[in-house]
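Chain by chain, the residues:
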Amino acid sequence: MSQEGANETTAVSVLPAMQRKYNQISNNDDIVLLDDTTDSEGYDDYDGHFDNPTESASTVEVPALLSKTVEVNELSNNKDFIAFSSSSEDENETKEKASERKSSITSTTSKTASSKATKESQVILDYPWIVNHDHSKQKEVADWLTLEMKDFVSYISPSSTEIEDRNITISRIRDAVKELWPDADLHVFGSYSTDLYLPGSDIDCVVNSERGNKDSKNCLYQLAKFLTTKKLATDVEVVSKARVPIIKFVEPHTGIHIDVSFERTNGLEAAKLIRSWLDSTAGLRELVLVIKQFLHARRLNNVHTGGLGGFSIICLVFTFLHMHPRIITNEIDPIDNLGVLLIDFFELYGKNFGYDDVAISVLNGHPSYIPKYSWRELQPIRNSFALAIQDPGDATNNISRGSFNIRDIKKAFAGAFDLLTNRCFDLDKAAFKERSGKSILGNVIKYKGKQRDFKDERNLVINTAIVENEDYHKKRSRIVYETITESTNDSKEEEDDDYHIEEPTTKNARPLRKKEEGEEEQRNKTGGRFFQVYGRG
Ligand SMILES: Nc1ncnc2c1ncn2[C@@H]1O[C@H](COP(=O)(O)OP(=O)(O)OP(=O)(O)O)[C@@H](O)[C@H]1O
Ligand SMILES: [Mg+2]
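Nothing here was measured: the structure is a model prediction, and the numbers come from that model.

Reading the values: the criteria
- Residues numbered from 1 in each chain as written.
- Chains lettered and ligands numbered in written order.
- Predicted model: local features only at pLDDT ≥ 70, side-chain atom pairs only at ≥ 80, totals over all residues.
- Heavy atoms only, no water.
- Salt bridge = Lys/Arg side-chain N within 4 Å of Asp/Glu carboxyl O.
- Helix = DSSP H or I, 4+ residues; strand = E, 2+ residues; numbered from the N terminus.
- Buried < 20%, exposed > 50% of the residue type's maximum accessible area, 1.4 Å probe, protein only.
- Donors = N, O, S within 2.8 Å, 3.2 Å for Na, K, Ca; no water.
- Axes fitted to C-alpha atoms, helices over the stretch in contact; angles between N-to-C directions.
- Parallel < 35°, antiparallel > 145°, perpendicular 65-115°, else oblique.
- Left-handed = near helix turned anticlockwise from the far one by under 90°.
- Contact = heavy atoms within 4.5 Å.
- Nonpolar A, V, L, I, M, F, W, Y, C, P; charged D, E, K, R; others polar.
- Expected span 1.5 Å × (residues − 1).
- Phe/Tyr/Trp six-rings, centres within 6.5 Å; stacked < 30°, edge-to-face > 60°.
- Pairing = 2+ DSSP bridges.
- Core = buried A, V, L, I, M, F, W, Y, C linked by side-chain atoms within 4.5 Å.

*Asks:* Just checking my understanding: could you explain the pattern of salt bridges for this structure?
*Replies:* Side chains bearing opposite charge may pair, as long as their charged atoms lie close to each other. Here the structure, examined in full by the defined rule, presents 18 salt bridges. Among the salt bridges present, the one from Asp-418 reaches Lys-351, with a minimum N-O distance of 2.8 Å. With Asp-418 in helix α12 (residues 406-429) and Lys-351 in helix α11 (residues 338-352), the pair connects residues that are 67 residues apart, well separated along the chain. Since its relative accessible area comes to 32%, Asp-418 is described here as partly exposed. Its salt-bridge partner being Asp-456, residue Arg-458 comes within 2.8 Å of it at the nearest N-O pair. Judged by relative accessible area, which is 29%, Asp-456 ranks as partly exposed.

Quick look at the structure:
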């Protein structure tokens, strides 16, 4: 959530789709206990943002003049908008708020303000990354889109202050956890530990203890109460009956949303793996951030309402890049072709992907498309039209099972493909004069919130979550090494090791059945397996 809007969020409004019984267990400390009475299967509490793109807009300052003349984008008028499900309440709400916002903005501008100024302020509100960054003179429109994507990423990348705020917030909460439970520690995973966060992303933390006993309902409430008393938490929710029990709160000094889970290490493993993917996969960060923002602007990023969470997006983009024919044949350099890749991504997952039959697997870091029938834990398949992504660390876990609104997600991707290709086609024919001040990316994503600069200051301030995660893994490897050495010396037959880091295994995935007649299957250059990934229609 944007920091301005943080305190306005209530326990009920942030979880609109969940039919939960919530009990106010204390009137004094505002801690809300959310006892999920629905099937916990459907409740994945690894959601991304609570930031509502429209909430902070009223605080945006509209500068009187910009240095460039810019044109109102069709997206903001909904003239050229992607057709989402008309039954989507969120979307209707967004439109209502957007129109309220528009009128409030209009009333703040001077009566004599020209339509030019209104148009300029619309750019500040909707696609501010083009301000002073005009690429309309690029010969190839695809290059223009690539450059816009890079500008967008710089625009939303963190400033020194934002990184410091996050570091300090984590350190304060960690100190409190250790004060309450001296045998426990707090670790960070999720997007802050992978540098894949948007300005309003939450921080995912986990408390692990020597005794491994801090995941009881009592402990959850104890920590919630302790943090509230120490003035480190407001808007606290205790979600004790979910598959992954957590507490959620807003850190009042910074307004950052925090999720704390208990006694788990899978997120810490995933953080390391994702960082290794980022190192080895050019374009992954840029595409992930653009697609995150794309889904966020449409309220399709929240797992609670059937959207696609950050983890699923990463796996989807990682697989896409590693299976892209023009990348695996070294025909294109991803970083110079982000525009084309974004369009290809929208086409694949919006138009062609066979959601009914194909699952995505990134087990052992090897991206591949696998037939759904070969994934035992997915059976029986009740609703075949669903995205299925195998957890890279656990073959039995479908990380996108909560994303039930795949229909709208697919529709949004398909609409974005149409919009982008049409826009590129039109601009390609247009004279440079007509192109000036226009945005291509702005047709499919918007960015709301406080105005930012374009500085990516990640190289100026250390992200302590990354350093700590690396240290955590170094320490773990040492323990494994020492334990293995000791156990080898003691007894060569001893094989069970409490500290052993399990390599993700494919043992639970049934081998692919023999190819049937008419079924396409091929191997790519790197030995990865291709299956017919296109849809039936
Ligand atoms: N369905 C899931 N099953 C297992 N682990 C999950 C699942 N969803 C999320 N996680 C874990 O939680 C972490 C954070 O997930 P999340 O979806 O919040 O992504 P994120 O990268 O933090 O994105 P965002 O910035 O949107 O919060 C993941 O890296 C992963 O370790
Ligand atoms: Mg997160």
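*Asks:* What's the story with the coordination of the magnesium ion (ligand 2) in this structure? I'm lost.
*Replies:* Reference geometry at the metal: tetrahedral coordination by four donors gives ideal angles of 109.5 degrees; octahedral coordination by six donors gives 90 or 180 degrees. Bound to the magnesium ion (ligand 2) are the protein donor atoms Asp-202 (OD) and Asp-204 (OD), situated 2.1 to 2.7 Å from the metal. The same class applies to Asp-202 and to Asp-204, which are both buried.

*Asks:* Explain the packing of helix α8 (residues 284-297) against α11 to me, please; I cannot follow it from the model alone.
*Replies:* Helices that pack against each other are described as a pair by the angle of their axes relative to one another and the distance between those axes. Two elements in contact, α8 and α11, have axes separated by 11 Å at closest approach and are oriented at 50°. When the interaxial angle is binned, α8 and α11 end up oblique. Note that α8 runs across α11; the crossing there is right-handed. In this structure, α8 contributes Glu-286, Leu-287, Val-290, Ile-291 and Phe-294 to the contact, and α11 contributes Leu-338, Leu-341, Leu-342, Phe-345 and Phe-346. Split into classes, the residues belonging to the contact of α8 with α11 amount to nine nonpolar, no polar and one charged.

*Asks:* Sorry if this is basic, but what is going on with helix α5 (residues 160-180) here?
*Replies:* For α5, which comprises 21 residues, the first-to-last C-alpha distance of 30 Å matches the rise-based estimate of 30 Å (1.5 Å per residue) to within 8%. Three or more residues of α5 are buried, namely Ser-160, Glu-162, Ile-163, Arg-166, Asn-167, Thr-169, Ile-170, Ile-173, Arg-174, Ala-176, Val-177 and Leu-180.

*Asks:* Hey, could you run me through the packing of aromatic side chains in this one?
*Replies:* Within a pair of aromatic rings, the relevant descriptors are the distance that separates the centres and the angle that separates the planes. Under the criterion given, the structure shown has 17 aromatic pairs. Ring centres of Tyr-349 and Phe-353 lie 5.1 Å apart, and the angle between their planes is 50°; on these two criteria the pair is classed as tilted. For Tyr-349, a relative accessible area of 0% gives the class buried. Members of the aromatic cluster, each reached through a chain of ring pairs, are Phe-294, Phe-320, Phe-345, Phe-346, Tyr-349, Phe-353, Tyr-355, Tyr-369, Phe-385 and Phe-413.

*Asks:* Before we go on, may I ask you to explain the pairing of strand β11 (residues 394-398) in this structure?
*Replies:* Residues in a regular strand point their side chains to alternate faces of the sheet. Sheet analysis places strand β10 (residues 389-391) next to β11, joined by two bridges and oriented antiparallel. For Asp-391, the partnering residue across the bridge sits in β11 and is Asp-394. Counted along the chain from β10 to the antiparallel partner β11, the turn is two residues long.

*Asks:* Where do I start with the nonpolar core in this structure?
*Replies:* Generally speaking, soluble globular proteins have nonpolar side chains that are buried together. In terms of nonpolar packing, the biggest core is built from 70 residues, with Leu-287, Tyr-349 and Leu-441 touching the most fellow members. Of all the secondary structure elements, the ones that give two or more residues to this core are α4 (141-156), α7 (266-280), α8, α9 (310-323), α11, β8 (358-361) and α12. Ranked by residues supplied to this core, first place goes to α12 with 10 residues. For Tyr-349, the residues in contact, after removing those within four places along its chain, are Leu-316, Phe-320, Tyr-355, Ile-360, Tyr-369, Lys-410 and Phe-413. Core analysis: the next-biggest nonpolar cluster, separate from the first, contains 34 residues, Trp-181, Val-207, Val-238 and Ile-256 among them.

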